Amino acid sequence: GVLYFLVELFAHLLCSILNIGEVIVLLSSFDQKLTDQIDDYPHFVSSAISRGHSAAFLWAPGSLTVLMTLQIFDMEWSQYMLPAIGLAVLGMAIGGATQYPRLRTYPMAKDKQAPAPGSFRKIAVLALVILVIVCSVSFLEPLLPNVSGGERLILAVAVVSAVWLLSQCRTPNLGGEVKKFAVDTLPDSGSLSAFFISMGLFSHALQYVGLDAVLNRAAAPL
């Protein structure tokens, strides 16, 4: 039951910066020794990841749902952020709590192996990067008053991501990883590119047919 909450939480945090890429990271994190202990592993992992993943789209900087919401309702990030994060936390709590009573009856074997070196520091760095992105969007609000909330969101994510990537320049074998990405990963991501392009086209189509005006009229009394 605790593991379910953890998978849900990590899916949520990783999705906020990686989008659907977090699924691959999480699935590769489960080794055979762990999966053999989990009853109905496919259902367990797909359920936990999808609940954390879905809740992230309520607030994740740069996600299409957030950008459309800010644009359609002409909202500022500072107005949107706290209620959205609150709903995401509530959603994950409910999602994990519905599974916990059943899963807590399945104890797992104790693993005496020590955590990987620097694992807690890496988790802290990940949380810090997400926090910096969220705070930087709020920081840009008074500096760029004539720029829309969605544009400030994109700018903050792009700048923080670039700085984070540059900070990894001293990582051993970074050149090999970049080459592997350029030669193997990037050419195979054609379907993913089509997915993101289609999301952009779909969002513009919704606004073109006037859905934004309908949503504004519906939300005005609330």
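Within each chain, residue numbers correspond to sequence positions counted from 1 in written order. Note on the predicted model: pLDDT of at least 70 is required for a residue's local features to be given, and 80 or more for side-chain atom pairs to be given and counted; whole-chain, interface and lining totals, by contrast, use all residues. Water and hydrogen atoms play no part in the side-chain values, which are based on all heavy atoms of the structure.

### Re the overall build of the protein
Okay, step 1: Across its full length, the protein carries 11 helices and 0 strands.
Okay, step 2: Reading the secondary structure of the protein in the N-to-C direction produces α-α-α-α-α-α-α-α-α-α-α.
Okay, step 3: Seen through its principal axes, the protein has C-alpha atoms that stretch 55 × 45 × 35 Å.
Okay, step 4: The buried share of the protein, taken over its 222 residues, is 27%.
Okay, step 5: Counting contacts in the protein only where the partners sit at least 6 residues apart, residues at least 24 apart contribute 73% of the total.
Okay, step 6: Carbon together with sulfur atoms contributes 69% to the accessible area of the protein, which is approximately 14300 Å² in total.
Okay, step 7: Of the side chains in the protein, 13 bear a positive and 15 a negative charge, and the two mean positions are spaced by 10 Å. Numbering goes from the N terminus for both helices and strands, where a helix is a DSSP run of H or I of at least four residues and a strand is a run of E of at least two. Each residue's exposure class comes from its accessible area (1.4 Å probe, protein chains only) as a fraction of the maximum for that residue type: buried when under 20%, exposed when over 50%, partly exposed otherwise. Contacts are assigned to residue pairs that have any heavy atoms within 4.5 Å of one another. Throughout, the Shrake-Rupley method with a 1.4 Å probe supplies accessible areas, and for residues the shown protein chains are the sole cover considered. His is not counted, nor are the chain ends; Lys and Arg add positive charge and Asp and Glu add negative charge. In plain terms, the charge of a residue is placed at NZ if it is Lys, CZ if Arg, CG if Asp and CD if Glu.

### Re the confidence of the model for the protein
Close reading of the predicted structure is inappropriate where its pLDDT is low.
Okay, step 1: The predictor attaches a confidence to each residue, and that confidence, scored 0 to 100, is pLDDT. The pLDDT averaged across the protein works out to 82; a share of 95% of its residues lies at or above 70.
Okay, step 2: Element-level pLDDT for the protein is lowest in helix 3 (residues 32-35), with a mean of 78, against a maximum mean of 90 in helix 4 (residues 41-56).

### Thoughts on the layout of surface pockets
Okay, step 1: Estimated volume of the second largest pocket: approximately 450 Å³.
Okay, step 2: A 1.4 Å probe that fits but cannot get out identifies a cavity on a 1 Å grid over protein atoms alone, an open set with protein on both sides within 12 Å along at least five of seven lines counts as a pocket, and a residue lines either if it has an atom within 4 Å of a point. Lining of the second largest pocket is provided by Leu-165, Gln-168, Thr-171, Pro-172, Asn-173, Leu-174, Glu-177, Val-178, Lys-180, Phe-181 and Thr-185.
Okay, step 3: Counting residues per element, the lining of the second largest pocket draws most heavily on helix 9 (residues 174-185), which supplies 6 residues.
Okay, step 4: Split by residue class, the lining of the second largest pocket holds 5 nonpolar, 4 polar and 2 charged. Grid points are joined across faces, edges and corners, and a volume is the space filled by probe spheres set on the points. Only Asp, Glu, Lys and Arg are considered charged in this grouping, and only Ala, Val, Leu, Ile, Met, Phe, Trp, Tyr, Cys and Pro are considered nonpolar; every other residue, Gly among them, is considered polar.

### What to know about helix 1 (residues 2-18)
Okay, step 1: Between its first and last C-alpha atoms helix 1 spans 24 Å; for 17 residues at 1.5 Å apiece the expected length is 24 Å, and the two agree.
Okay, step 2: Taken together, the buried positions of helix 1 are Tyr-4, Val-7, Glu-8, Ala-11, His-12, Leu-14, Cys-15 and Ser-16.
Okay, step 3: Turning to helix 1, the residues buried within the fold contact helix 2 (21-29), helix 4, helix 6 (77-103) and helix 7 (119-143).
Okay, step 4: Residue Asn-19 follows helix 1 closely and has a positive phi angle near 60 degrees. What a helix should span is 1.5 Å times the count of its residues minus one.

### Comments concerning a nonpolar patch on the surface
Okay, step 1: In this scheme, patches are assembled from residues that exceed 30% relative accessible area and form no salt bridge. Like charges are connected within 9 Å, while nonpolar side chains (Val, Leu, Ile, Met, Phe, Trp, Tyr) are connected within 5 Å. Salt-bridge detection follows one rule: a side-chain nitrogen of Lys or Arg within 4 Å of a carboxyl oxygen of Asp or Glu. Taken together, the side chains of Tyr-208, Val-209, Leu-211, Val-214 and Leu-215 define a hydrophobic patch exposed on the protein surface, amounting to about 510 Å² of accessible area.
Okay, step 2: Take the nonpolar patch: its biggest share by element is 3 residues, from helix 11 (residues 211-219).
Okay, step 3: With respect to the helices, strands and loops of the structure, Tyr-208 is situated in helix 10 (residues 190-208).

### Quick look at the packing of aromatic side chains
Okay, step 1: Stacked, edge-to-face and tilted are the three classes for Phe, Tyr and Trp ring pairs, Trp counted by its six-membered ring, which pair at centre distances within 6.5 Å; planes under 30 degrees apart are stacked, over 60 edge-to-face, the rest tilted. This structure, assessed with the given rule, holds 4 aromatic pairs.
Okay, step 2: Between the aromatic rings of Tyr-4 and Phe-44, the centroid separation amounts to 5.5 Å while the plane-to-plane angle is 80 degrees, which identifies the pairing as edge-to-face. Remark: Phe-44 occurs in helix 4 and Tyr-4 occurs in helix 1; sequence separation between them is 40 residues.
Okay, step 3: Looking at Phe-44, the relative accessible area reads 7%, which means it is buried.

### Topic: the environment of Leu-201
Okay, step 1: In this structure, Leu-201 sits in helix 10.
Okay, step 2: Along the sequence, Leu-201 and Asp-212 sit 11 residues apart, while their C-alpha atoms lie 15 Å from each other.

### With respect to the packing of helix 1 against helix 7
Okay, step 1: Packing of helix 1 against helix 7 leaves a shortest axis separation of 10 Å and a crossing angle of 50 degrees. Classified by the angle between their axes, helix 1 and helix 7 sit oblique to one another. For the crossing formed where helix 1 meets helix 7, the hand is left-handed. Seen from helix 1, the contacting residues are Phe-10, Leu-13, Leu-14, Ser-16 and Ile-17; seen from helix 7, they are Ile-123, Leu-126, Ile-130 and Ile-133.
Okay, step 2: Counted by class, the contact of helix 1 with helix 7 contains 8 nonpolar, 1 polar and no charged residues. Whenever a helix is involved, its axis is fitted only over the stretch in contact; in every case the axis is a line through C-alpha atoms, and angles between N-to-C directions fall within 0 to 180 degrees. In these notes the angle categories are as follows: under 35 degrees is roughly parallel, over 145 is roughly antiparallel, 65 to 115 is roughly perpendicular, and the rest is oblique. Working rule for handedness: look at the near helix, and if it is turned counterclockwise from the far one by less than a right angle, call the crossing left-handed; if clockwise, right-handed.

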